[in-house]
Amino acid sequence: MNQLAKAGFFFEPHPKSPDNVVCFLCNKSLDGWEENDNPLEEHLKHSPTCGWAIVAAIEAGFGNYGKVHPLDPAMVEARKATFGGRWPYESKKGFKCKTKKVGTRFGRSVEQG
Ligand SMILES: [Zn+2]
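**Student:** Lay out the overall build of the protein with the relevant residues and their values.
**Tutor:** Each helix and strand counted, the protein has 5 helices and 3 strands in total. Of the regular secondary structure in the protein, the N- to C-terminal order runs α-β-β-β-α-α-α-α. In the protein, the proportion of contacts linking residues at least 24 apart, taken out of those at least 6 apart, comes to 39%.

**Student:** Go over unusual backbone geometry, please, and point to the residues and values.
**Tutor:** Comment: phi is negative for the bulk of residues other than glycine, and the bulk of peptide bonds are trans. Residues other than glycine seldom take positive phi values, yet Asn27 does so here, at roughly 65 degrees. Here Asn27 lies in the loop between β2 (21–23) and β3 (29–30).

**Student:** Can you tell me about the confidence of the model for the protein, naming the residues and giving the values?
**Tutor:** Residues at a pLDDT of 70 or more form 79% of the protein, whose mean pLDDT is 83. The element-level mean pLDDT for the protein is lowest in helix α5 (residues 99–112), coming to 48, with β2 highest at 97. Contacts of residues 102–113 to residues separated by more than four positions or lying in other chains number 1 contact, the stretch itself having pLDDT below 50.

**Student:** Describe the nonpolar core, naming the residues involved and giving the relevant values.
**Tutor:** The tendency in soluble globular proteins is for nonpolar side chains to be buried as a group. Ranked by internal contacts, the top residues of the largest apolar core, which has 16 residues, are Leu40, Cys50, Trp52, Ala53, Ile54, Ala56 and Ala57. Residue assignment for this core shows that the elements contributing at least two residues are β2, α2 (39–46) and α3 (51–60). It is α3 that provides the largest number of residues to this core, a total of 5 residues. Other than its neighbours up to four places away in sequence, Trp52 contacts Gly8, Cys23, Leu25 and Thr82.

**Student:** Describe the packing of α3 against helix α4 (residues 73–83), listing the residues and the values that go with them.
**Tutor:** Put simply, α3 and α4 touch, their axes get as near as 7 Å, and they point 120 degrees apart. For the element pair α3 and α4, the recorded crossing hand is left-handed. The residues of α4 that touch α3, namely those facing Gly51, Trp52, Ile54 and Val55, are Ala78, Arg79, Lys80, Ala81 and Thr82. Broken down by class, the residue content of the contact of α3 with α4 amounts to 5 nonpolar, 2 polar and 2 charged.

**Student:** Give a description of α4 that names residues and reports values.
**Tutor:** Counted residue by residue, α4 has 1 buried out of 11 residues, so it is predominantly exposed. Looking one or two residues past α4, Gly84 carries a phi angle of roughly 50 degrees, positive in sign.

**Student:** Account for the packing of α2 against α3, with residues named and values stated.
**Tutor:** The contact between α2 and α3 brings their axes to 10 Å, and the two run at 140 degrees. Crossing of α2 against α3: the hand is left-handed. For the pair formed by α2 and α3, the contact residues are Leu40, His43 and Leu44 on the first element and Ala53, Ala56, Ala57 and Ala60 on the second.

**Student:** Residues and numbers for the sheet that holds β2, please.
**Tutor:** What the 3 strands build is an open sheet, ordered β1-β2-β3; its pairing is antiparallel. Each having just a single partner strand, β1 (9–11) and β3 make up the two edges of the open sheet. Inspection of the sheet shows β2 paired to β3 by 2 bridges, in the antiparallel sense. Its bridge partner lying in β3, Val21 is registered against Leu30.

About the criteria used
Residues numbered from 1 in each chain as written. Predicted model: local features only at pLDDT ≥ 70, side-chain atom pairs only at ≥ 80, totals over all residues. Helix = DSSP H or I, 4+ residues; strand = E, 2+ residues; numbered from the N terminus. Contact = placed C-beta atoms within 7 Å. pLDDT = per-residue confidence, 0-100. Core = buried A, V, L, I, M, F, W, Y, C linked by C-beta atoms within 7 Å. Buried ≥ 20, exposed ≤ 12 C-beta atoms within 10 Å, placed from the backbone. Axes fitted to C-alpha atoms, helices over the stretch in contact; angles between N-to-C directions. Left-handed = near helix turned anticlockwise from the far one by under 90°. Nonpolar A, V, L, I, M, F, W, Y, C, P; charged D, E, K, R; others polar. Pairing = 2+ DSSP bridges.

Given below as structure tokens:
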């Protein structure tokens, strides 16, 4: 379960697939999980361009993703994709990052969904 959550999935069971999970970013649904499945590996297999899956793979040291330069265009795109158009400051000019404020608010808003 922890692994599934780290791979970007939330639980959305259906009568026909009681173990169905969905990626919050790429909306990929995966079910039919087996005990030895690696959620991150399955995520990348079925949705290889998902930004969250790629970033999570780097963090987990999975595959060769961590060896790609962080400024490689594909990596930049992957990280940008994790914002998913939700970044609230894109249209404001002169945005300055207030780490403290944004940090605490972001943590809370994620928990509340
Ligand atoms: Zn995904």
